[in-house]
Amino acid sequence: ESEVILVGTDGSPGAAAALDWALRYALPVDRLVLLQAWSIPAITGYESIAVDTEAMQAVTRESAEAAAQQSCDRMGVDPDRVEVRVIEGDARTVLHEAGADADLVVVGRRGHTGAAHLVLGSVTSHLVHRPPSPLAVIPPDEPAR
């Protein structure tokens, strides 16, 4: 039976390792969705600055598509195997909501040491404490085979 595997990306080495891991272990019938959230940071005192949200969406999509292509090239997988989705919003909220419809959520872990939010990153830490579905957290140094 086909499963939906949602992989969160932010362009980091941990996110690349997460997609590599998902590509390596997913069954050929599984649906792989690479999701990148984006948002415009709040800047106080600059209320009159116009932000081109369509351009931000396009740049984010290009980045996510490039990440998917690079992982597929590394893993020897057809890039059509990965559906790329880009959604505006806070990454914690976007991944949590999208993860509710997934059979597995896969995210990367930052390679830092120290407090949990530094080790996992705020998005991963949020998902670990409130998993929307089964969750796999992949270290950035996970070897791609």
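Predicted model, so just to flag it, every value in this text is computed and none were measured.

Enquirer: How should the pattern of salt bridges be read in this particular structure?
Expert: Pairing is possible between side chains of opposite charge, provided their charged atoms come close. A complete count under the given rule lists 4 salt bridges for this structure. In this structure, aspartate 20 and arginine 74 form a salt bridge, with 2.9 Å as the shortest nitrogen-oxygen distance. Of this pair, aspartate 20 sits in helix H1 (residues 13-25) while arginine 74 sits in helix H2 (residues 53-75); the two residues are 54 residues apart in sequence, bridging distant segments of the chain. Judged by its relative accessible area of 6%, aspartate 20 is buried. With relative accessibility at 43%, the residue arginine 74 sits in the partly exposed group.

Enquirer: When you look at the environment of alanine 17 in this model, what are you seeing that I'm missing?
Expert: By secondary structure assignment, the location of alanine 17 is in helix H1. In the structure, alanine 17 is positioned 121 residues away from isoleucine 138 in sequence and 6.6 Å away in space, judged by C-alpha atoms.

Enquirer: What exactly am I supposed to notice about the pairing of strand E2 (residues 31-38) here?
Expert: Along any regular strand, the residues point their side chains to alternate faces of the sheet. With 7 of 8 residues buried, E2 lies mostly within the body of the structure. Pairing geometry for strand E1 (residues 4-8) and E2, over 5 bridges, is parallel. Looking at E2, one finds that valine 4 is bridged to arginine 31. The parallel pair E1 and E2 is bridged by H1, and the resulting crossover is right-handed. In the sheet, E2 pairs with strand E3 (residues 82-88) via 7 bridges, with the strands oriented parallel. Looking across to E3, one finds that valine 33 is bridged to glutamate 83.

Enquirer: Explain the environment of serine 71 here, please?
Expert: By the element assignment, serine 71 lies in helix H2. For the pair serine 71 and leucine 19, spaced 52 residues apart in sequence, the C-alpha separation works out to 6.7 Å. Setting aside anything within four residues of it in sequence, one finds serine 71 in contact with Ala16, Leu19, Asp20 and Leu23. Within the structure, serine 71 has its side chain in polar contact with the side chain of arginine 74 (distance 2.8 Å).

Cut-offs used in this document
- Residues numbered from 1 in each chain as written.
- Predicted model: local features only at pLDDT ≥ 70, side-chain atom pairs only at ≥ 80, totals over all residues.
- Heavy atoms only, no water.
- Salt bridge = Lys/Arg side-chain N within 4 Å of Asp/Glu carboxyl O.
- Helix = DSSP H or I, 4+ residues; strand = E, 2+ residues; numbered from the N terminus.
- Buried < 20%, exposed > 50% of the residue type's maximum accessible area, 1.4 Å probe, protein only.
- Pairing = 2+ DSSP bridges.
- Right-handed = clockwise from strand over helix to strand, strands pointing away.
- Contact = heavy atoms within 4.5 Å.
- Polar contact = N/O pair within 3.5 Å; in protein donor to acceptor, adjacent residues only side chain to side chain.

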